[in-house]
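Residues per chain are reported as follows:
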Amino acid sequence: MAAQVNLAVGSHVWVEDPEVAWADGEVVEANNEQITVNCTSGKSIVAKASNVYPMDPEFPPCGVDDMTRLAYLHEPGVLHNLKCRYDMNEIYTYTGNILIAVNPFRRLPHLYDSHMMEQYKRASFGELSPHPFAIADYAYRMMINEGISQSILVSGESGAGKTESTKMLMRYLAYMGGRATTDGRSVEQQVLESNPVLEAFGNAKTVRNNNSSRFGKFVELQFDNRGRISGAAIRTYLLERSRVCQVSDPERNYHCFYMLCAAPAEDVERYKLGNPRTFHYLNQSNCYELDGVDDSKEYLVTRKAMDIVGIGSDEQDSIFRVVAAILHLGNIEFTKGTESDSSEPKDDKSRFHLKTAAELFMCDEKSLEDSLCKRVIVTRDETITKCLDPDAATVSRDALAKIVYSRLFDWLVNKINNSIGQDPDSKYLIGVLDIYGFESFKTNSFEQFCINLTNEKLQQHFNQHVFKMEQEEYTKEEIDWSYIEFIDNQDVLDLLEKKPGGIIALLDEACMFPRSTHETFAQKLYQTFKDNKRFSKPKLARTDFTICHYAGDVTYQTELFLDKNKDYVVAEHQELLSASKCSFVSGLFPPLPEESSKSSKFSSIGSRFKQQLQSLLETLSVTEPHYIRCVKPNNLLKPSIFENSNILQQLRCGGVMEAIRISCAGYPTRKPFDEFVNRFAILAPDVLVGGCDEVSACKRLLEKVNLRGYQIGKTKVFLRAGQMAELDACRSEVLGKSASIIQRKVRSYLARREFVLLRLSAIHIQASCRGQVARHHYECMRREAASVKIQKYYRMYFARNGYQKLYSSAVSIQTSMRGMAARNELKFRKQTRAAIVIQSQYWKYLARHRYLMLKKAAVTTQCAWRGKVARRELRMLKQAAKETGALQAAKTKLEKQVEELTWRLQLEKRMRADIEEAKTQENAKLQSAFQEMQLQFKETKELLAKEREAAQKASEVAPIIQEVPVIDHEMISKLTAENEQLKALVNSLEKKIDETEKKFEESFKLSEERLKQAMDAESKIIELKTSMQRLEEKLSDMETEDLILCQQTLLSSSSRKMSEHLAIPTPLPMENGHHEPPTAAPSKKFGTSDSKLRRSQIERQHENVDALIKCVTQEIGFSEGQPVAAFTIYKCLLHWKSFEAERTSVFDRLIQMIGSAIEDQDNNNHMAYWLSNTSTLLLLLQRSLKATGSAPRKPPTPTSLFGRMTQGFRSSSVNLSVGPLDVVRQVEAKYPALLFKQQLTAYVEKIYGIIRDNLKKDLSPLLSSCIQAPKTSRGSVLKSSGGSNSNSPPASPWCSIIDNLNGLLCTLRENFVLPVFVQKIFTQVFSYVNVQLFNSLLLRRECCTFSNGEYVKAGLAELELWCCQAKEEYAGSSWDELKHIRQSVGFLVIHQKSRISYDEITNDLCPILSVQQLHRICTLYWDDNYNTRSVSPDVISNMKILMTDDSNDDESNSFLLDDNSSIPFSVEDISSSLQDKKFSDVKHPEELTENPAFQFLQE
């Protein structure tokens, strides 16, 4: 094409350069064969005319978004266009309907947000900038409108960004197709959430990429008739199995192995793993870790992803069990066995790994060893067992590892597909193909052969599609295209896969012969394809062969072709794993049919892969394809580096150059009629005379220049390759002639004008000569006088200026020195104060530590001494039990105890009488309750008598339990006599118990009479009720102690038949902190009465809780600046002793009430009210609750009944004496209270986040208007704001922001929200404003202007004024959060930027901004007012050097800011706010204070 163009001297051209691929320059000498070009880089190149391409002189500096619009569609033009766009962070470019995506190696979040998806949703293809969203939208629209399934093919080499592009496509398709959910999660979400699982088991580090997919993936999104997603499926291709056993340096094996080695300690111990350096399958490479990747965290992420996609915990354990078994398999080494040509595990280490692998596979260890070291050959007559040598056993081991891993990966894919779910009734589908690109390495094996076969097939499909698009374009424009030649790559495909003579067929044939080697296979290839132009044998190579692919020549090494092509399962391996006790492992290897299980049948990976590829192409052939070609700009994986040669190779491998070649074979240059006429009308100006239309003008113009081979379409002019250059050459020639004519005319005009002026000057010069001399003399005198005056004022000015500078310097120095002295004094005082605090805390710690140690030692000594005393008493009791007089002593002791009980009962009666005498009134309800209790007492007594009779009958019938199995009749008779004595003793004891009960009944009657006198004492009801409950507990304790004494007496004998009737039940906790008193099993006198009493108490407690929740659900406001609801809840919980309860439902109901109350999240007033209440309640709990372990040690509980009764009365009197002054006090918190505190903390954080996010949501639409000044206000109002203060009002968006801030501040203050929350809210919101304004400034060129900086600066001044008015109590450090936008705007509005050095920018003007941010601002800046320049080129070059040095840091490469949405406080941080709270004057709601059950609120 270039040889047909006559390039004149002075033409701008592209010439080949070995360093940068293509260099631009100017022709300085042109011969027929050679052309000399001076490049812009400074060097001169002499090249052949055929290697020189014309350069478009009107090429836009920012490039074109569709390369079909290039004037010259050739290789250097395409490369230059991509580079120009890449330098501007425009990473997407069209070539027709093909999208080229250049990986930026940095985050560009502004390109993928929901706003961007909304923009592309309503745009036609090509209307907006190139983007994957445009491709996805175009495919979706075609599917809906034309009813045709679509496919999107994403290709590129490793690290080009295929996976990210696929994710963007999936996001947009889900956005367009709705979110059809499965188990609450959309299909698209499940597909994306399967990525971590597939990446863990199918991705590995390669030379080119740290996360390279070693398999192909085709995702089918299925749609219903309405265009909504109804199902999906994932299909995978050609997993690289050989990587399991063979890893080259510096690559890694699959990620899952390293994740499992970095798993939690319990998992590592379970699978007997360790450092990956100890495993053979992992230590073949020196790379074990990836930069920026934590394998332990990735392991947890993978386990979580497995949960999401439906893989249960048992299946996960089985999966990682198999992965660990593979690692142990790799560590099994073999040595020669005792027999010839046999093998066995090398040492104990190998046997350990063999045993571990067998345990993990859940199979027999010996069977596993035999399957690795032996082969069973089944013949017609007999079965022969053949031993394998160590090398063959190693091959068998690796074969087992590869087939197990392959089956595991296939199982994962099937499990994910089953979890996602497919729609068999779907009408359309959109398939997204993420496939590996063309590969050519130094060493190319069977994997590269299959990958390149895939790319050859896809390239043929791509060529046919491009040719079809060309045909459709020509047909649409109604031009003749029948003679266009199209070259296909079918000959390469025939060479690779044709049957029976293709390479794959010959490989399968070689694999079926046992004695075939890679040498014989290579010789077979040389003989078969010696005449094929696509096949060649490299020199000095014995087994290599070279294939001429569409992207270039690739040399393959055949050493491992045969081994990698074999895809059979060894029969011994199949039988071993099918019999595994682990159902998961046996499921990976289901039993084979009899004919296939008898021997190992051959199966070819190449043939199977070819079938999969054919199936994929059949799917693609029934869909409308769309292409995305991903390009990696450099091999360093760093941003802002554009390697021309590398990108050219990828464009060739991706078929882009082939598409350009196809386009060049037809009409590569296509210009609309108006553009063509505007550009080339100068060649024939007369064609426009007469007002003809553009089509006729184009025809006449082309005929005028005598051009042949072009075509005139309906809307465009189609030119053949090289014709655009010819027209440009003619145009340049016409422009040159026109320039000569213009120069001649201008020179003539200038010469005539000069002559006229000289003539006029000669006429006047003589008349003016004498006057000039006089004037000159006068002028000299005047200048002398003026110079004297100027000197006088000049010297005066400099003297005054010097004095003022000295004066100001002295004042500044004095100010600085005084300030420094003051700061030093302040620093010294702070250090002194801090030292005092540290010393006090340290002394406190030492004293407390010594006290705790002494306390611990005392407790330990007491426990040891008590244990010693108890053991001594136990030995004495055992010794006494063996003596003959033991029963008599027990009887005497029991009688004394009964007498003591009688005395205690009398003491109880006297104490009860004293208490009742202090009462003045009693309630009628208590009287009826006591009457009912009396009746129940009698009924219980009768039941007790019946129960005694039943117990005696049961004791007579039941056999005697003997502890010592000795058959001695004398001992039996002796024991029988002792039992009779015991029965008599029990009867006597029962009689004494009856007497005690009678006395208790008399005391009950006496208390009943006392209670009748207290009928009108309503003010003492609650205290009396509490006292009665305590008395009932003491009576129950008395009975319990009596029963314990009886039980101890009976247990001292050899018979235990009565012990079952004397068991003591455990006290059951009741709600709100109350406990059920223990009752004896045989004595049920108070059973029915107690249950009814407890039931009534529980019902009343539920009623009280309902009343409390009903009251606080309403917004009951504030009292004395404190939230009433929070304090009311706290006081009720404190009174009910809910914090000390082991089990209660009050906290759950309160949490439910708070959760339902904050459902209206859009109402900031409502949210602020509950933030105030929940935070206050949380702070009260923080000050009150203390864990059980940290509580002060209580005195030991008395063992005697009298002691416990005394302690109970003392505690009740203490509790009754607590007055309203003890508002906030510490209590021992149980687990429900601590859990309630945690839940309340979560709600405080949630409500805080809701209020903050609501304000962000309100400000978000306003901020987009604040970053760019309105056109009406730029010239007038905002120019005046460039000074120190502006009197003009701010623009409306800034006013709206101020109104929103004021509105929220008023709401928070009205609801008495703690100032610390208000500070945090506004601090985070101002940080959000800073992020949004700063990012918008860096992403939009039209915002980086001088006038726009003045506009934003005026708005920031309004925010500063608001912060001053809000005061530090509420605004806090909000103004400091705007430092990025303040410094960047300050840089925009300063004058004479070209005089500022880099140090001044970084140290004085913008110290907070990074180098990347400064570079972005400096390159985007343009002055729309005064046309001043940005910073000097030296400053820009310094920034680029620093950016290159910091390119390894991913965070520093991003110039955008991230918004921090975390919770910036903890409970401990804000607990000090309670110190200023005073709750003594808080008035409780009347609804509760009028309720008798809540009288304690008035105390």
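The model shown is predicted, which means the values in this text are computed figures rather than measured ones. (Residues numbered from 1 in each chain as written. Predicted model: local features only at pLDDT ≥ 70, side-chain atom pairs only at ≥ 80, totals over all residues. Heavy atoms only, no water.)

**Quick word on the overall build of the protein chain**
Then comes step 1: Summing up its helical and strand segments, the protein chain has 48 helices and 30 strands in all.
Then comes step 2: Looking at the protein chain as a whole, 46% of its 1499 residues are labelled buried.
Then comes step 3: A separation threshold of at least 6 residues defines the contact pool for the protein chain, and within that pool the share at least 24 residues apart is 72%.
Then comes step 4: Carbon and sulfur atoms make up 52% of the accessible area of the protein chain, which amounts to about 78,800 Å² in all. (Helix = DSSP H or I, 4+ residues; strand = E, 2+ residues; numbered from the N terminus. Buried < 20%, exposed > 50% of the residue type's maximum accessible area, 1.4 Å probe, protein only. Contact = heavy atoms within 4.5 Å. Areas by Shrake-Rupley, 256 points an atom, 1.4 Å probe, with all protein chains shown as cover.)

**Comments concerning helix 42 (residues 1379-1388)**
Then comes step 1: Across the 10 residues that make up helix 42, a large majority, seven, are buried.
Then comes step 2: Turning to helix 42, its buried residues number three or more, namely His-1380, Ile-1381, Gln-1383, Ser-1384, Val-1385, Phe-1387 and Leu-1388.

**Side note on the sheet that holds strand 21 (residues 544-549)**
Then comes step 1: Pairing in this open sheet of three strands is antiparallel, and the strands run 20-21-22 from one edge to the other. Here the strands that pair on one side only, and so sit at the sheet edges, are strand 20 (535-536) and strand 22 (552-557).
Then comes step 2: In this sheet, strand 22 lies alongside strand 21 in antiparallel orientation, the contact comprising six bridges. Bridge assignment links Phe-545 to a residue of strand 22, and that residue is Tyr-556.
Then comes step 3: Running at roughly 150° to strand 21, helix 15 (residues 490-497) makes contact with strand 20 and strand 21 of the sheet. (Pairing = 2+ DSSP bridges. Axes fitted to C-alpha atoms, helices over the stretch in contact; angles between N-to-C directions.)

**Topic: the nonpolar core**
Then comes step 1: By size, the foremost hydrophobic cluster in this structure holds 132 residues, and its most contacted members are Phe-201 and Phe-257.
Then comes step 2: Examining the composition of this core, we find that 12 residues originate from one element, helix 13 (residues 390-420), more than from any other.
Then comes step 3: Dropping the residues within four chain positions of it, Phe-201 is found in contact with Tyr-254, Cys-256, Thr-302, Met-306, Ile-319, Phe-320, Val-323, Tyr-405, Leu-408, Phe-409 and Leu-412.
Then comes step 4: If you look at the next biggest cluster of nonpolar residues, it comprises 121 residues, including Leu-1108, Phe-1147, Leu-1185 and Val-1352. (Core = buried A, V, L, I, M, F, W, Y, C linked by side-chain atoms within 4.5 Å.)

**With respect to the sheet that holds strand 13 (residues 216-223)**
Then comes step 1: Taken together, the seven strands give an open sheet; going across it, the order is 6-7-23-8-19-13-14, and neighbouring strands pair in mixed fashion. Bordering the open sheet on either side are strand 6 (92-95) and strand 14 (229-237), each of which pairs with just one other strand. Across the sheet, the mean angle separating the axes of adjacent strands is 20° when strand polarity is ignored.
Then comes step 2: Where strand 6 and strand 7 (residues 98-102) come together, four bridges link them in antiparallel fashion. Residue pairing across strands places Thr-95 opposite Ile-98, the latter belonging to strand 7.
Then comes step 3: Contacts from helix 1 (residues 75-87) reach strand 6 and strand 7 within the one sheet, and its direction differs from that of strand 6 by about 155°.

**Details of the packing of helix 11 (residues 348-361) against helix 12 (residues 365-373)**
Then comes step 1: Here helix 11 crosses helix 12 at 110°, and the two axes come no closer than 9 Å. For the element pair helix 11 / helix 12, the angle class is roughly perpendicular. The element helix 11 and its partner helix 12 pack so that their crossing is right-handed. Here Arg-351, Leu-354, Lys-355, Ala-357 and Ala-358 of helix 11 lie close against helix 12, whose contacting residues are Glu-365, Leu-368, Glu-369 and Leu-372.
Then comes step 2: Per-class residue counts for the contact of helix 11 with helix 12 are five nonpolar, no polar and four charged. (Parallel < 35°, antiparallel > 145°, perpendicular 65-115°, else oblique. Left-handed = near helix turned anticlockwise from the far one by under 90°. Nonpolar A, V, L, I, M, F, W, Y, C, P; charged D, E, K, R; others polar.)

**Describing the packing of aromatic side chains**
Then comes step 1: Evaluation of the coordinates by the stated rule reveals 38 aromatic pairs.
Then comes step 2: Ring centres 6.4 Å apart and planes at 75° place the aromatic pair Tyr-120 and Phe-133 in the edge-to-face group. Taken together, the residues span a long stretch of sequence, with Tyr-120 in helix 2 (residues 114-121) and Phe-133 in helix 3 (residues 132-146) at a distance of 13 residues.
Then comes step 3: A relative accessible area of 5% places Tyr-120 in the buried class.
Then comes step 4: On the basis of relative accessible area, Phe-133 is assigned to the buried category, the value being 0%.
Then comes step 5: Counting every residue linked through ring pairs, the aromatic cluster contains Phe-446, Phe-449, Phe-521, Tyr-526, Phe-529, Phe-535, Phe-545, Tyr-556 and Phe-561.
Then comes step 6: Taking the ring centre of Tyr-258 as reference, the NZ or CZ of Arg-252 above it sits at 3.9 Å. (Phe/Tyr/Trp six-rings, centres within 6.5 Å; stacked < 30°, edge-to-face > 60°. Lys NZ or Arg CZ within 6 Å of the ring centre and 35° of its normal.)

**Looking at helix 13**
Then comes step 1: Here helix 13 spans 45 Å end to end across 31 residues, near enough to the 45 Å set by a 1.5 Å rise per residue.
Then comes step 2: Following helix 13 by one or two positions, Gly-421 has its phi on the positive side, about 90°. (Expected span 1.5 Å × (residues − 1).)

**What to know about the environment of Leu-1178**
Then comes step 1: Turning to its location among the elements, Leu-1178 is positioned in helix 35 (residues 1164-1184).
Then comes step 2: The exposure class assigned to Leu-1178 is buried, which follows from its relative accessible area of 2%.
Then comes step 3: Sequence separation between Leu-1178 and Tyr-1130 is 48 residues; the distance between their C-alpha atoms is 9.5 Å.
Then comes step 4: Once residues within four sequence positions are removed from consideration, Leu-1178 is found in contact with Lys-1237, Leu-1240, Thr-1241, Val-1244 and Val-1467.

**Quick notes on a positive patch on the surface**
Then comes step 1: Together, Lys-868, Arg-871, Arg-872 and Arg-875 make up a positively charged patch on the protein surface.
Then comes step 2: With respect to the helices and strands, the residue Arg-871 is situated in helix 27 (residues 723-882). (Patch = residues over 30% accessible without salt bridge, like charges linked within 9 Å, V, L, I, M, F, W, Y side chains within 5 Å. Salt bridge = Lys/Arg side-chain N within 4 Å of Asp/Glu carboxyl O. Lys, Arg positive; Asp, Glu negative; His and termini not counted. Charge placed at Lys NZ, Arg CZ, Asp CG, Glu CD.)

**A look at the side chain of Gln-150**
Then comes step 1: With respect to the helices and strands, Gln-150 occurs in strand 8 (residues 150-155).
Then comes step 2: Within the structure, Gln-150 has its side chain in polar contact with the side chain of His-626 (distance 2.7 Å).
Then comes step 3: When sequence neighbours within four positions are dropped, the list of residues in contact with Gln-150 reads Ala-139, Met-142, Met-143, Leu-429, Ile-430, Gly-431, Thr-623, Glu-624 and His-626. (Polar contact = N/O pair within 3.5 Å; in protein donor to acceptor, adjacent residues only side chain to side chain.)

**Regarding the side chain of Thr-206**
Then comes step 1: Along the chain, Thr-206 falls in the loop between strand 11 (203-204) and strand 12 (212-213).
Then comes step 2: Excluding residues within four positions of it along the chain, Thr-206 makes contact with Ser-158, Ser-212, Arg-214, Arg-243 and Glu-251.

**Section: a negative patch on the surface**
Then comes step 1: The grouping of Glu-289, Asp-291, Asp-294 and Glu-298 at the surface amounts to a negative patch.
Then comes step 2: With respect to the element layout, Asp-294 can be found in the loop between helix 8 (265-271) and helix 9 (295-308).

**Brief notes about the pattern of salt bridges**
Then comes step 1: Following the criterion strictly, the structure yields 31 salt bridges and no others.
Then comes step 2: The shortest N-O distance in the salt bridge between Glu-333 and Lys-346 comes to 3.5 Å. Of this pair, Glu-333 sits in the loop between helix 10 (313-330) and strand 15 (334-336) while Lys-346 sits in the loop between strand 16 (343-345) and helix 11, placing them 13 residues apart in sequence.
Then comes step 3: Given a relative accessible area of 48%, Lys-346 falls into the partly exposed group.
Then comes step 4: Put simply, Lys-457 and Glu-497 hold a salt bridge, and the shortest N to O gap is 3.0 Å. Of this pair, Lys-457 sits in helix 14 (residues 446-477) while Glu-497 sits in helix 15, and the two are 40 residues apart along the sequence. When sorted by exposure, Lys-457 lands in the same class as Glu-497, which is buried.
Then comes step 5: The network of salt bridges with shared partners includes Arg-214, Glu-240, Arg-243 and Glu-251.

**Structural notes on the packing of helix 37 (residues 1231-1266) against helix 39 (residues 1292-1310)**
Then comes step 1: Contact geometry for helix 37 and helix 39: axes closest at 9 Å, N-to-C directions at 170°. One finds that helix 37 runs roughly antiparallel with respect to helix 39. On the side of helix 37, the interface is formed by Ile-1251, Leu-1255, Asp-1258, Leu-1259, Leu-1262, Leu-1263, Ser-1265 and Cys-1266, while helix 39 contributes Pro-1293, Trp-1294, Ser-1296, Ile-1297, Asn-1300, Leu-1301 and Leu-1304.
Then comes step 2: Looking at the contact of helix 37 with helix 39 residue by residue, the class counts come to 11 nonpolar, three polar and one charged.

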